[in-house]
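Listed below are the residues making up each chain.
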Amino acid sequence: MKKIIYTKYGPPEVLEKVETDSPEPSAGQVLVRVGAAGINPVDYKIRNGSLRLIMPGRFPRTPGGEIAGTVEKTGRGSFAFKPGNRVFAMLRTPQGGYAQYVAVQEKLLCLIPQGLSFEEAAAIPLAGLTALQSLRDKGRIKKGMRVLVNGASGGVGSYAVQIANAYQARVTGVCSGRNVRFVQELGADVVIDYEKKDFINMGNGYDIVLDAVAKKNFTSCRKILKPGGVYISTLPSPGLLFRQALNFLSSKKAYAIICKSRAEDLAFLGRLAYEGKLKSHIEKQYSLGEVILAHQRIESGRVRGKLVLTPFPRQPEKVLIKSDR
Ligand SMILES: NC(=O)c1ccc[n+]([C@@H]2O[C@H](COP(=O)([O-])OP(=O)(O)OC[C@H]3O[C@@H](n4cnc5c(N)ncnc54)[C@H](OP(=O)(O)O)[C@@H]3O)[C@@H](O)[C@H]2O)c1
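Here the residue numbering is sequential within each chain, running from 1 through the sequence in written order. For this predicted model, a pLDDT threshold of at least 70 governs which residues receive local features, and a threshold of 80 or more governs which side-chain atom pairs are given and counted, while totals over whole chains, interfaces and linings are taken from all residues.

S.K.: Could you give an account of the overall build of the protein, with specific residues and numbers?
M.R.: Only DSSP runs of H or I with at least four residues qualify as helices, and only runs of E with at least two residues qualify as strands; both kinds are numbered from the N terminus onward. Within the protein, the regular secondary structure consists of 10 helices and 15 strands. Between the two quantities, the radius of gyration covers C-alpha atoms and the globule rule is 2.2 Å times the number of residues to the power 0.38. Its C-alpha atoms give the protein a radius of gyration of 20 Å, within 12% of the compact-globule value 20 Å for 325 residues. For the protein, the spread of C-alpha atoms along the three principal axes comes to 55 × 45 × 40 Å. The contacts of the protein with a sequence gap of at least 6 include a subset with a gap of at least 24, amounting to 67%. Placing a C-beta atom from the backbone of each residue, one calls two residues in contact when those atoms lie within 7 Å.

S.K.: Which residues make up the site of the ligand, and what values do they have?
M.R.: What surrounds the ligand is a group of 32 residues, the closest being Gly-154, Gly-155, Ser-176, Thr-234 and Cys-259. Mapped by element, the contributors of at least two residues to the shell around the ligand are α1 (41–47), α3 (125–138), α4 (155–166) and β9 (170–175). Partitioned by chemical class, the residues of the shell around the ligand number 16 nonpolar, 12 polar and 4 charged. Bear in mind that the domain bounds are from an automatic or database domain assignment. A domain-level breakdown of the shell around the ligand finds at least three residues from each of domain 1 (2–123 + 280–324) and domain 2 (128–256). By definition, a residue lies near a molecule or strand when the C-beta atom built from its backbone is within 6 Å of it. Gly is placed with the polar residues, together with every amino acid not listed as nonpolar (Ala, Val, Leu, Ile, Met, Phe, Trp, Tyr, Cys and Pro) or charged (Asp, Glu, Lys and Arg).

S.K.: Run through the pairing of strand β5 (residues 86–90), naming residues and quoting values.
M.R.: Remember that side chains alternate between the two faces of the sheet whenever the strand is regular. The exposure label follows from counting other C-beta atoms within 10 Å of a residue's C-beta, where the C-beta atoms are placed from the backbone and the thresholds are 20 or more for buried and 12 or fewer for exposed, leaving partly exposed in between. Within β5, 5 of the 5 residues are buried, which leaves it mostly tucked inside the rest of the structure. Residues Arg-86, Phe-88 and Met-90 point to one face of β5 and Val-87 and Ala-89 to the other, with burial holding for every one of them. As paired elements, strand β4 (residues 66–74) and β5 share 5 bridges and run antiparallel to each other. From the neighbouring strand, Gly-69 faces β5, where its bridge partner is Val-87. As paired elements, β5 and strand β7 (residues 109–111) share 3 bridges and run antiparallel to each other. Pairing of Phe-88 across the sheet is with Cys-110, part of β7. Should DSSP find at least two bridges between two strands, the strands are taken to pair.

S.K.: Pulling in residues and values, what's your account of the sheet that holds β9?
M.R.: Spatially, the 6 strands line up as an open sheet ordered β10-β9-β8-β11-β12-β13, and their pairing is parallel. Each of the sheet's edge strands pairs with one partner strand only, and the pair in question is β10 (190–193) and β13 (253–256). This sheet shows a mean twist of 15° between the axes of neighbouring strands, independent of strand direction. As paired strands, strand β8 (residues 146–150) and β9 are joined by 5 bridges and run parallel to one another. Bridge pairing in β9 links Val-149 to Gly-173. Helix axes use the C-alpha atoms of the stretch in contact, all axes being lines fitted to C-alpha atoms, and the angles between their N-to-C directions lie in the range 0 to 180 degrees. Contacting β8, β9 and β11 (206–211), α4 runs over the sheet at an angle of about 170° to β8.

S.K.: Give me the packing of α3 against α4: which residues, what numbers.
M.R.: At their nearest, the axes of α3 and α4 sit 8 Å apart, and the two run at 50° to each other. The angle between α3 and α4 places the two elements in the oblique class. Where α3 crosses over α4, the two elements pack in a sense that is right-handed. Seen from α3, the contacting residues are Ala-127, Gly-128, Thr-130, Ala-131, Leu-132, Ser-134 and Leu-135; seen from α4, they are Gly-155, Val-156, Tyr-159, Ala-160, Ile-163 and Ala-164. Residue composition of the contact of α3 with α4, by class: 9 nonpolar, 4 polar and no charged. Roughly parallel here means an angle under 35 degrees, roughly antiparallel means over 145, roughly perpendicular means 65 to 115, and every remaining angle is called oblique. Left-handed describes a crossing in which the near helix is turned anticlockwise from the far one by less than a right angle; the clockwise case is right-handed.

S.K.: Account for unusual backbone geometry, with residues named and values stated.
M.R.: Cis peptide bonds are those with omega within 30 degrees of zero, and the linkage from Phe-59 to Pro-60 qualifies with -5°. By the element assignment, Pro-60 lies in the loop between α1 and β4. Even without a glycine there, the phi angle at Gln-168 is positive, about 60°. The topology assignment puts Gln-168 in the loop between α4 and β9.

S.K.: With reference to specific residues and values, describe the environment of Gly-97.
M.R.: By the element assignment, Gly-97 lies in the loop between β5 and β6 (101–105). Residue classification places Gly-97 among the buried residues on the basis of 32 C-beta atoms within 10 Å. Along the primary structure Gly-97 and Ser-134 are separated by 37 residues, whereas in three dimensions their C-alpha atoms are 24 Å apart. Apart from residues no more than four positions distant in its own chain, Gly-97 is found in contact with Val-34, Ala-37, Gly-64, Gly-65, Glu-66, Ile-67, Leu-91 and Val-102.

S.K.: Account for the environment of Arg-58, with residues named and values stated.
M.R.: Of note, Arg-58 is situated in the loop between α1 and β4. For the pair Arg-58 and Leu-307, spaced 249 residues apart in the sequence, the C-alpha separation amounts to 26 Å.

S.K.: Go over the nonpolar core, please, and point to the residues and values.
M.R.: In this structure, Phe-88, Val-147, Val-149 and Ala-160 are the most contacted members of the largest nonpolar core, which totals 95 residues. When residues in this core are grouped by element, the largest group, 7 residues, is from strand β3 (residues 29–39). Here Val-149 is in contact with Gly-157, Ala-160, Val-161, Ala-164, Val-171, Gly-173, Val-174, Leu-210 and Ala-212, once residues within four sequence places are set aside. For this analysis, nonpolar core means a set of buried Ala, Val, Leu, Ile, Met, Phe, Trp, Tyr and Cys residues linked through C-beta atoms within 7 Å.

Dropping the structure here:
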């Protein structure tokens, strides 16, 4: 099979496509033929070595923390899925999603709901789970709450706006001018263009501020939170973790989210997608041979929605699934 590897930390050019044997699923694992693999900022942060202390690993490494595909075969003691099932998952490190086949722990997998393509499903896990676990577990989101999402046009932000909508919260999205219409279409009630206005000076009384792009710290956001309000950032910096430990001293809470791979949460997101409440916006699909371009793009920090890799040439039936919907 073909997969992407790198043998040292460095720029996108360290990524190379190689031919290897397919992995064998061990006990409790399932071998998945990858229809699509999601691309996330953490993939380049691991590749360039900036996370080497918290996510160490041996070389060669294969990037990719989320996949969607078809069950090819099951390992010993693995009974939950059968060959042919369409599944998606957030992988645990070491990752390995940028490959034609990947062996995945059965307990991480979830069936793809009907009507969702591999690309749409592969885009969901890391960004969607981060958004869900931030809003639901840290923010305790409820109907009628006021929620601000900074970075509403990115992977985490675009799912967060839709999840907050599904909870019937009132959502303010912050993005650049070119993405205002996109964030409105995601369902934000109010959109603030950060190139024109600073959301810190644009009203207050928020129950939740989710800084999906980690651009504004708790000290700046504190004044726009109402008493009992919650600030959540996707960057677990030492300063934020220290502030989080002091939450018991203040009614306004600060949290860093660290996303967990949970199949039951993925099933929840799958249900939202099935009901038409959660859509994946795929800015672009790349083949394995275009992986360097894909990493250059994700590293720009300007992706609208998500990027995905398709390890096999696209199948005609997938086109049928998409155009049937
Ligand atoms: N802690 C965790 O478990 C966890 C999990 C997932 C992700 N993350 C982290 O969360 C961050 C967000 O990830 P992502 O997948 O959403 O992708 P991303 O590549 O960080 O976000 C891209 C989006 O950010 C927007 N953006 C850039 N600068 C901005 C600014 N100053 N203000 C508001 N929006 C801005 C861009 O829109 P414009 O082009 O319009 O500016 C673009 O749409 C990353 O740092 C990622 O590593 C952490």
